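# Fold and contact review
Residues per chain are reported as follows:
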Amino acid sequence: MTISMDEMIQRVVRYDDLIACRTAFIDARTPGSDKKENFTIIGPGVAENPGQHIHIKVPHGFNVGGARQPAGCVNSQHSHETAEVFLVHSGVWAFRSGHDGKDGEVILHPGDVISIPVNVFRGFECLEGEDSFLFALLGGDDPGHVDWAPYVFEEAAGHGLVLTKAGRLIDTAIGEVVPDGDEPCRPTSMDDVPRFRRLTSADLQAHVIRDADAPLTNSTALAGGSTGLDEAPLLGPDNPSEGIAAGSVSSDHGFHFRKLVLAPGGTIPPHARAECEVLFVHRGSVSIGWGTQKIVLKPGDTATVPEGLQRYWQADETDGAIVFVVRGTDAPAAPQWSNPATQDANGDLAVAL
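Residues numbered from 1 in each chain as written. Predicted model: local features only at pLDDT ≥ 70, side-chain atom pairs only at ≥ 80, totals over all residues. Heavy atoms only, no water.

This part is about the overall build of the protein. Of the regular secondary structure elements, the protein holds four helices and 24 strands. Each principal axis of the C-alpha distribution contributes one length, and for the protein these read about 70 × 45 × 35 Å. Long-range contacts, defined here as pairs at least 24 residues apart, represent 73% of the contacts in the protein between residues at least 6 apart. With an accessible surface of roughly 14200 Å², the protein has 51% of that area assigned to carbon and sulfur atoms. Here the protein holds 26 positive side-chain charges and 48 negative ones, and the gap between their average locations is 2 Å. (Helix = DSSP H or I, 4+ residues; strand = E, 2+ residues; numbered from the N terminus. Contact = heavy atoms within 4.5 Å. Areas by Shrake-Rupley, 256 points an atom, 1.4 Å probe, with all protein chains shown as cover. Lys, Arg positive; Asp, Glu negative; His and termini not counted. Charge placed at Lys NZ, Arg CZ, Asp CG, Glu CD.)

In C-alpha cells, the structure reads:
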C-alpha cells in the first residue's frame with residue numbers, strides 16, 4: 001500500500017497540538033480535580049462530555065488517550081470495563097485503589113507503566129511537576145462507561161453536574177437539562193462497593209513495570225533485523241511469531257505494549273505490519289519514513305501507522321530515541337521485511353532519511 005504525506009499527517013498528533021477537555025467527567029468542578037485536562041487521541045474514549053475532541057476516529061481495537069494535570073490535581077476514584085494502562089511521560093504520580101482511595105497506593109515516575117485491571121476503583125494524583133502528562137490506553141474499540149465511587153456523585157451534585165443513563169454529563173449550573181428520552185443515572189452507593197475488586201499496595205505493585213526493570217533485548221524479530229535497537233515486552237502474552245517473551249504483565253489486553261530503545265542513529269529497515277501500530281515518543285526523536293517521504297516525531301508526539309505500509313525508522317543521530325509502541329491484537333504477526341538490499345554493507349539504510 002501507499003499513503004500520501006497529507007494522509008500521514010492526519011495520523012500524527014503532536015503534543016503541542018493536543019486539544020484538551022476540562023469538563024470531560026463528572027468530577028470536573030470538584031475542587032482539587034477542576035484543573036485536569038483529558039485527551040482522546042484515538043478512538044471514542046470514555047468521556048462523558050460530547051464536546052470532547054477526538055483526534056483520530058479510525059478504529060484500532062484499542063483506545064489511546066492522555067491526561068495532563070498540575071501538581072496537587074486529583075483524578076477521582078473510578079472503575080473501567082476494560083483494562084486501563086498508563087505510561088508516565090512526565091511528572092511524579094500516585095495511583096490509589098479503593099472506593100475512597102485508601103486500599104493501596106503506588107508512586108510512579110517517568111517511564112514507569114501501570115496496567116489496572118477491570119472492576120477496580122482507581123484514581124491518580126500528580127504529586128510533582130506542572131502540566132505533567134500520562135499516556136493512556138483502554139482496551140477495545142468501545143471501552144464502555146465509567147463507574148464512579150459514591151463520593152464522586154455526592155460532590156458533583158453540589159456543583160450542579162448530573163450524569164445520565166446515556167452517559168452524558170449535564171451541567172445544570174449553566175441551564176442544561178436532561179434531554180427527553182434520557183434520565184439521570186442511579187448514583188453508585190456503598191451497597192455497590194462490594195462488587196468491585198479490592199487491590200492492596202502490593203497488588204497494585206504487581207501491575208507496575210518500572211522503567212529500569214523493562215527487560216530490553218536485541219534478540220526479537222524486530223531488533224534482530226535492525227541496527228542499534230533493543231525491544232522490551234511490557235504487556236501481553238508471549239508471542240513466538242515476533243520472537244518476544246511475555247510482558248511483565250502477561251494477561252491479555254487486546255493489544256501488546258512495548259518499549260523500544262534506539263541508539264543514536266539506530267535504524268529499523270523497511271518492513272510492514274499486519275496490525276495497526278501506534279508510536280508514542282518518550283525521549284529523543286525518531287524519523288518514520290515510507291517510500292521517499294518521512295515525518296519526524298518528537299517527545300510527546302503520537303502517530304499511528306496503517307497496516308501493510310512499508311515503513312522504516314531512524315533515531316536522532318545525537319540522542320537516539322525511546323519510543324513506546326502499541327501493536328493490535330493479543331498475537332501480533334512478525335514484521336514483514338522488504339528486500340534486505342535496503343541495507344548497505346555497514347548496516348545503514350540505503351534509503352535516504
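Turning our eyes to something else, we now look at the pairing of strand E9 (residues 113–116). Side-chain alternation along E9 places Val113 and Ser115 on one buried face and Ile114 and Ile116 on a second face that is also buried. Here strand E6 (residues 84–88) runs beside E9; their pairing, made up of four bridges, is antiparallel. Across the sheet, glutamate 84 pairs through a bridge with isoleucine 116, a residue of E9. Inspection of the sheet shows E9 paired to strand E15 (residues 208–209) by two bridges, in the antiparallel sense. Directly across from valine 113, in E15, lies its bridge partner isoleucine 209. (Buried < 20%, exposed > 50% of the residue type's maximum accessible area, 1.4 Å probe, protein only. Pairing = 2+ DSSP bridges.)

Right, let's get into the sheet that holds strand E7 (residues 92–97). Reading across the sheet, the five strands line up as E8-E7-E10-E5-E12 and stay open at both edges, with antiparallel pairing between neighbours. Looking at which strands have only one partner, the edges of the open sheet turn out to be strand E8 (104–108) and strand E12 (147–148). Taken strand by strand, helix H2 (residues 150–157) contacts strand E5 (74–79) and E12, and its axis lies near 125° from that of E5. (Axes fitted to C-alpha atoms, helices over the stretch in contact; angles between N-to-C directions.)

Take the packing of aromatic side chains next. One pass over the full model with this rule turns up 13 aromatic pairs. Residues phenylalanine 86 and phenylalanine 95 carry aromatic rings whose centres are separated by 5.4 Å and whose planes lie at 45° to one another, so their mutual orientation is tilted. With respect to burial, phenylalanine 86 and phenylalanine 95 carry one shared label: buried. A connected cluster of aromatic rings, assembled from ring pairs, spans Tyr15, Phe39, Phe133, Phe135, Phe257, Phe280 and Phe324. (Phe/Tyr/Trp six-rings, centres within 6.5 Å; stacked < 30°, edge-to-face > 60°.)

Now for the nonpolar core. Ranked by size, the top nonpolar core spans 27 residues in total, and within it Phe135 and Phe257 carry the most contacts. When contributions to this core are tallied by element, the ones reaching two or more residues are strand E2 (37–42), strand E4 (62–69), E6, strand E11 (132–139), strand E16 (227–235), strand E17 (255–272), strand E18 (277–284) and strand E23 (321–328). Contacts of phenylalanine 257, omitting those with residues within four sequence positions, involve Val85, Leu87, Val113, Phe135, Leu137, Ala232, Pro233, Leu234, Leu235, Phe324, Val325 and Val326. (Core = buried A, V, L, I, M, F, W, Y, C linked by side-chain atoms within 4.5 Å.)

This part covers the pattern of salt bridges. Inspection of every chain in the model, using the stated rule, returns 21 salt bridges. A salt bridge links glutamate 84 to arginine 122; its shortest N-O distance comes to 2.7 Å. Note that glutamate 84 is positioned in strand E6 and arginine 122 in strand E10 (residues 122–128), a separation of 38 residues in sequence. Accessibility classification places glutamate 84 together with arginine 122 in one group, the buried group. For arginine 258, the salt bridge is made with glutamate 231, and the minimal N-O distance between the two is 3.3 Å. (Salt bridge = Lys/Arg side-chain N within 4 Å of Asp/Glu carboxyl O.)

Right, let's talk about the side chain of arginine 68 for a bit. As for its placement among the helices and strands, arginine 68 is situated in strand E4. Side-chain polar atoms of arginine 68 contact the side chain of tyrosine 15, separated by 3.3 Å. Those residues within four positions of arginine 68 in sequence are excluded, and the remaining contacts are Tyr15, Lys35, Lys36, Glu37, Phe39, Asp131, Ser132 and Phe133. (Polar contact = N/O pair within 3.5 Å; in protein donor to acceptor, adjacent residues only side chain to side chain.)

Okay, empty space enclosed by the protein next. By the definition in use, this model includes two cavities of 30 Å³ or more. Its volume calculated, the largest cavity comes out at about 310 Å³. Taken together, 24 residues line the largest cavity, and the ones lying closest to its centre are Phe25, Asn38, Val46, Glu84 and Leu138. Within the residue set of the lining of the largest cavity, elements represented by two or more residues are E2, E4, E5, E6 and E11. In terms of residues, the lining of the largest cavity owes the most to one element, E4, which gives five residues. Looking at the lining of the largest cavity, its residues break down into 13 nonpolar, ten polar and one charged. When its volume is computed, the second largest cavity comes out at roughly 60 Å³. Taken together, Gly98, His99, Asp103, Phe121, Val193, Phe196, Arg197 and Arg198 make up the lining of the second largest cavity. Partitioned by chemical class, the residues of the lining of the second largest cavity number three nonpolar, two polar and three charged. (1 Å grid on protein atoms, 1.4 Å probe; cavity = no way out; pocket = protein on both sides within 12 Å on 5 of 7 lines; lining within 4 Å. Points joined across faces, edges and corners; volume = space filled by probe spheres on them. Nonpolar A, V, L, I, M, F, W, Y, C, P; charged D, E, K, R; others polar.)

Let us now look at the pairing of E23. Counted residue by residue, E23 has seven buried out of eight residues, so it is predominantly covered. Bridge analysis of E17 against E23 gives eight bridges, and the strand direction is antiparallel. Bridging from a neighbouring strand, lysine 259 pairs with phenylalanine 324 of E23.

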